Amino acid sequence: MQNNEIIKPHISEKASNSRGNFTYVFKAEKSSNKISIKKAVENKYKVSVESVRILNTKPKARRRGNIVGQKQGFKKAIVTLKSGSEIKEL
């Protein structure tokens, strides 16, 4: 098992509001799956994970004057903890 399945917490207004429901959002490696993300969160933060949902965000087109490019897409993992568990470091 790799320890780098989760890259970092994904901080947004929607993710911050969902913490009251024992839900946390992380950016994950493209090659990771639900089982490896669950194990990585449990090992890193010492909590019990109830479920993991994954979604792939698409790259977004960005433009700055005549220069056209893309913002890189990423895999997002939505982790729900068992009630009573919380991650204090976030």
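In what follows, the accompanying structure is described.

Rules of the game
- Residues numbered from 1 in each chain as written.
- Predicted model: local features only at pLDDT ≥ 70, side-chain atom pairs only at ≥ 80, totals over all residues.
- Heavy atoms only, no water.
- Helix = DSSP H or I, 4+ residues; strand = E, 2+ residues; numbered from the N terminus.
- Buried < 20%, exposed > 50% of the residue type's maximum accessible area, 1.4 Å probe, protein only.
- Lys, Arg positive; Asp, Glu negative; His and termini not counted.
- Salt bridge = Lys/Arg side-chain N within 4 Å of Asp/Glu carboxyl O.
- Contact = heavy atoms within 4.5 Å.
- Core = buried A, V, L, I, M, F, W, Y, C linked by side-chain atoms within 4.5 Å.
- Phe/Tyr/Trp six-rings, centres within 6.5 Å; stacked < 30°, edge-to-face > 60°.
- Lys NZ or Arg CZ within 6 Å of the ring centre and 35° of its normal.
- Pairing = 2+ DSSP bridges.
- Axes fitted to C-alpha atoms, helices over the stretch in contact; angles between N-to-C directions.

Some words on the side chain of lysine 76
Next, step 1: Residue position: lysine 76 is located in strand β6 (residues 75-81).
Next, step 2: Buried charge lysine 76 goes without a salt bridge, the closest partner of opposite sign being glutamate 13 at 13 Å.
Next, step 3: Not counting residues up to four positions away in its chain, the partners in contact with lysine 76 are His10, Val25, Phe26, Arg53, Ile54, Leu55 and Thr57.

Section: the nonpolar core
Next, step 1: Core analysis: the biggest nonpolar cluster contains 15 residues, and Phe26, Ile37, Val41 and Val79 have the highest contact counts within it.
Next, step 2: Among the elements of the structure, β2 (23-28), α2 (34-45), β3 (49-56) and β6 are those that each provide at least two residues to this core.
Next, step 3: At 4 residues, the largest contribution of residues to this core is made by α2.
Next, step 4: Once residues within four sequence positions are removed from consideration, valine 79 is found in contact with Phe22, Thr23, Tyr24, Phe26, Ile37, Val41, Val49, Ser51 and Val52.

Regarding the packing of aromatic side chains
Next, step 1: Under the criterion given, the structure shown has 1 aromatic pair.
Next, step 2: Lying across the ring of phenylalanine 74, lysine 27 places its NZ or CZ 4.5 Å from the centre.

Quick look at the sheet that holds β6
Next, step 1: The 4 strands are arranged β1-β2-β6-β3 in an open sheet whose pairing can be described as antiparallel. Taken across any chain shown, the strands that pair with only one partner, and hence form the sheet edges, are β1 (6-9) and β3. Strand after strand, the sheet turns through a mean of 30° between neighbouring axes, direction not considered.
Next, step 2: Bridging between β2 and β6 involves 6 bridges; their strand directions are antiparallel. What sits directly across from phenylalanine 26, in β6, is alanine 77.

Side note on the environment of phenylalanine 22
Next, step 1: By secondary structure assignment, the location of phenylalanine 22 is in the loop between α1 (13-17) and β2.
Next, step 2: Accessibility expressed as a relative area gives 29% for phenylalanine 22, which makes it partly exposed.
Next, step 3: Along the chain, phenylalanine 22 and threonine 57 lie 35 residues apart, while their C-alpha atoms are 22 Å from each other.
Next, step 4: Not counting chain neighbours up to four residues away, the residues in contact with phenylalanine 22 comprise Val79, Thr80, Leu81, Lys82, Ser83, Gly84 and Ser85.

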